[in-house]
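Per-entry structural report
For reference, the chains in residue letters:
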2 protein chains.
Amino acid sequence: MTHSPWQPISPAKPARTPKEPLTRDRIVDAAMRLLVDQGYDAVSMRKVAQVLDTGPASLYAHVANKKELDQLLVDRAAEEMRLPEQPDPERWQEQLKDAMREMLRVMRANPGVARAAIGQVPLGERALLSTERILAILKAGNIPDQAAAWAVDLIPLYVTAVAFEETVQGAWAWTPEDVEGFVTGLRTYFESLPADRFPITIALAGSLTSGASGDERFEFGITVITAGLAALVQKT
Amino acid sequence: MTHSPWQPISPAKPARTPKEPLTRDRIVDAAMRLLVDQGYDAVSMRKVAQVLDTGPASLYAHVANKKELDQLLVDRAAEEMRLPEQPDPERWQEQLKDAMREMLRVMRANPGVARAAIGQVPLGERALLSTERILAILKAGNIPDQAAAWAVDLIPLYVTAVAFEETVQGAWAWTPEDVEGFVTGLRTYFESLPADRFPITIALAGSLTSGASGDERFEFGITVITAGLAALVQKT
DNA sequence: TACTTGACAGGAACAGTGTTCGTGAGTAGA
DNA sequence: TCTACTCACGAACACTGTTCCTGTCAAGTA
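Owing to the predicted nature of the structure, the values given are computational and were not obtained by experimental measurement.

All names here are of chain B. With respect to the helices and strands, Asn-110 occurs in the loop between helix H5 (92–109) and helix H6 (113–117). Within the structure, Asn-110 has its side chain in polar contact with the side chain of Glu-80 (distance 3.4 Å). Beyond its immediate sequence surroundings of up to four residues, Asn-110 is in contact with Met-32, Leu-35, Val-36, Ala-77 and Glu-80.

Surrounding DNA strand D, one finds 20 residues, the nearest of these being Met-45, Arg-46 and Lys-66 of chain A together with Thr-54 and His-62 of chain B. Ser-44 of chain A is positioned such that a nitrogen or oxygen atom in its side chain is 3.0 Å from a phosphate oxygen of DNA strand D. A distance of 2.4 Å separates a phosphate oxygen of DNA strand D from a polar side-chain atom of His-62 of chain B. Elements that contribute at least two residues to the surface near DNA strand D include exactly helix H2 (45–51) and helix H3 (56–59) of chain A together with helix H3 (56–59) of chain B. Its residues placed into classes, the surface near DNA strand D shows eight nonpolar, six polar and six charged.

Here we come to the interface of chain A and chain B. Listed as interface residues are 56 residues of chain A and, on the opposing side, 56 residues of chain B. Summed over both partners, the interface of chain A with chain B comes to about 5,100 Å²; 73% of that surface belongs to carbon and sulfur atoms. On the chain A side of the contact with chain B, Glu-132, Trp-150 and Phe-220 of chain A bury the most area, a combined 14% of that side's loss. Viewed at the interface, chain B and chain A are joined by four salt bridges. Across the salt bridge formed by Arg-217 of chain A and Asp-153 of chain B, the nearest N and O atoms sit 2.5 Å from each other. Inspection of the chain A/chain B interface yields 14 residue pairs in polar contact (both at pLDDT 80 or more). Take the side of chain A that touches chain B: its biggest share by element is 18 residues, from helix H8 (residues 145–169) of chain A. For the side of chain A that touches chain B, the per-class residue count stands at 37 nonpolar, nine polar and 10 charged.

In the numbering adopted here, UniProt assigns the feature "DNA-binding region" (unreviewed entry) to residues 44–63 of chain A. Along residues 44–63 of chain A one finds 55% helix and 0% strand; the C-alpha atoms at either end are 13 Å apart.

What follows is about the environment of Ala-205 of chain B. All names here are of chain B. As for its position among the elements, Ala-205 is in helix H11 (residues 205–208). Taking relative accessible area as the criterion, Ala-205 reaches 0% and is therefore assigned buried. Not counting the four nearest positions on each side in its chain, Ala-205 is found in contact with Arg-187, Phe-190 and Glu-191.

Here the focus is the pattern of salt bridges. Residue and element names in this part refer to chain A. What the rule picks out here adds up to 28 salt bridges over all chains. A salt bridge links Arg-24 to Glu-68, with the nearest nitrogen and oxygen atoms 2.5 Å apart. Of the two residues, Arg-24 is situated in helix H1 (residues 24–38) and Glu-68 in helix H4 (residues 66–78); the sequence distance between them amounts to 44 residues. Residue Arg-24 is classed as partly exposed on the basis of its relative accessible area, which comes to 35%. Each of the salt bridges in this network shares a partner with another, and the network as a whole consists of Glu-94, Asp-98, Arg-101 and Glu-219.

Moving on: a nonpolar patch on the surface. A cluster of nonpolar side chains, Val-121 and Leu-123 of chain A together with Trp-174, Phe-182 and Tyr-189 of chain B, forms an exposed patch at the surface whose accessible area comes to about 400 Å². Position of Trp-174 of chain B relative to the elements: it lies in the loop between helix H8 (145–169) and helix H9 (176–191). The exposure class assigned to Trp-174 of chain B is partly exposed, which follows from its relative accessible area of 37%.

For the pair chain A and chain B, the relating rotation is 180°, the translation along its axis is 0.0 Å, and the fit reaches an RMSD of 0.1 Å. Taken together, the rotation and translation describe the operation of a two-fold axis. For chain A, the residue whose C-alpha comes nearest the rotation axis is Gly-228 of chain A, separated from it by 1.8 Å. With an isologous cut-off of 70% or more, the 100% of interface residues of chain A that recur at the interface of chain B puts this contact in the isologous class.

Criteria and thresholds
- Residues numbered from 1 in each chain as written.
- Chains lettered and ligands numbered in written order.
- Predicted model: local features only at pLDDT ≥ 70, side-chain atom pairs only at ≥ 80, totals over all residues.
- Heavy atoms only, no water.
- Helix = DSSP H or I, 4+ residues; strand = E, 2+ residues; numbered from the N terminus.
- Polar contact = N/O pair within 3.5 Å; in protein donor to acceptor, adjacent residues only side chain to side chain.
- Contact = heavy atoms within 4.5 Å.
- Near = heavy atom within 4 Å.
- Nonpolar A, V, L, I, M, F, W, Y, C, P; charged D, E, K, R; others polar.
- Buried area = accessible area lost by both parts, 1.4 Å probe.
- Salt bridge = Lys/Arg side-chain N within 4 Å of Asp/Glu carboxyl O.
- UniProt positions renumbered as here; feature names shortened; annotations may be inferred.
- Buried < 20%, exposed > 50% of the residue type's maximum accessible area, 1.4 Å probe, protein only.
- Patch = residues over 30% accessible without salt bridge, like charges linked within 9 Å, V, L, I, M, F, W, Y side chains within 5 Å.
- Areas by Shrake-Rupley, 256 points an atom, 1.4 Å probe, with all protein chains shown as cover.
- Least-squares fit on C-alpha atoms with pLDDT ≥ 70 in both.

Next up, the structure:
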């Protein structure tokens, strides 16, 4: 092996293996994988870059910042929504509840996306299609225009808050024993409060601590909201 | 001034000025000041320590971690709640709405506390007193026990979500011109959507973008929730 | 063909976060 | 006096989002 005497001898650079070029889609794919596997807190630019075997700075050629990546995650999750095609005036309330259940299902399937969704005005195509569907359900139920318009604000806000709360509490990591232990302790605590100051809390200690697992509390919430919307029709 | 010849001569240490000892209360005070002046994102351990003219590590002798400091901030905010003394069966719905308005007022007065509040089970004394008051309002309205118990979950969750959303959107920093510009742009966007796929969104573009300033949307939300709860009474 | 320009990749560094580790000082009790 | 405990707090750790800078490659132009 012969080196030209005019050519400096430097350590050989490790060959850069040819890689698939970065794209926005690949970035969102990687972020989504982290989100689903490890939750929202795992979705850092460095972690995403790691999954893609690159450096975090490379991501900025494709997404403006972390906030934009968050928004792309929300849009990606929104693509999983499955809503009924045909609103039914006889069943609009159940259809509305189904829509809310579907929203929660999607958010649970993508832990942490609720955190990113809060505060966003949903303008992606898929999100707008969902909005249109929900508006159709509400109009099938004869909800007045202004109420329907504001309801598509209220509904995702409530569902998102429920999903976000679950995320914050790390609810999926709780075993049934954990839940039961927590509930029992809380009930005991409520029952031990001073009776002169907390008579109702004590009397309702059982009710206050029921429904901690399963979806009863969420079902209650959507029932209340749906009934409240229905009451707007009866007012006209 | 004479030094013993066996005693090493080292630079004089700057005298530590005597300081008021750190206490948990002083830490929360300082954090609260930052929260109110600059919002939740400004409440870092370093910033709090700076306000107190100490190092961040010193805080950990008094609060376990940032999460606990967050909880203390929520408890501190809860002390500002003013709820009616005497529930009135004739006006329980308006009293309930007033309670929700008061919650939102307190959270707005303490920007960012909603973020800390989400996911917390409110067990501080002041929070429990508020819960008791709201339960009293609901019982005055003849809400069934289980519904009342779950309503004290639903109600703070909704209000907290509204407050949190405002925080995320940085809503207080918006001028009326900002809002109008945003609303106009959004309305134009909705009206420009393909009519075959978004007929209702287009038809309701005005309604969808109304109420962006002021509290109309929040008032709508609490009206729906209150009406939904009232409907539970009529069912019995 | 040679040069220029623009886009992308990505390391190093910046400014910031929460937290731990280790050390020194002060106090109370034996 | 010695010991143990508590508090204060600097230095360092591990991590975050982002910018700055350099190198490479491809396309376009002279």
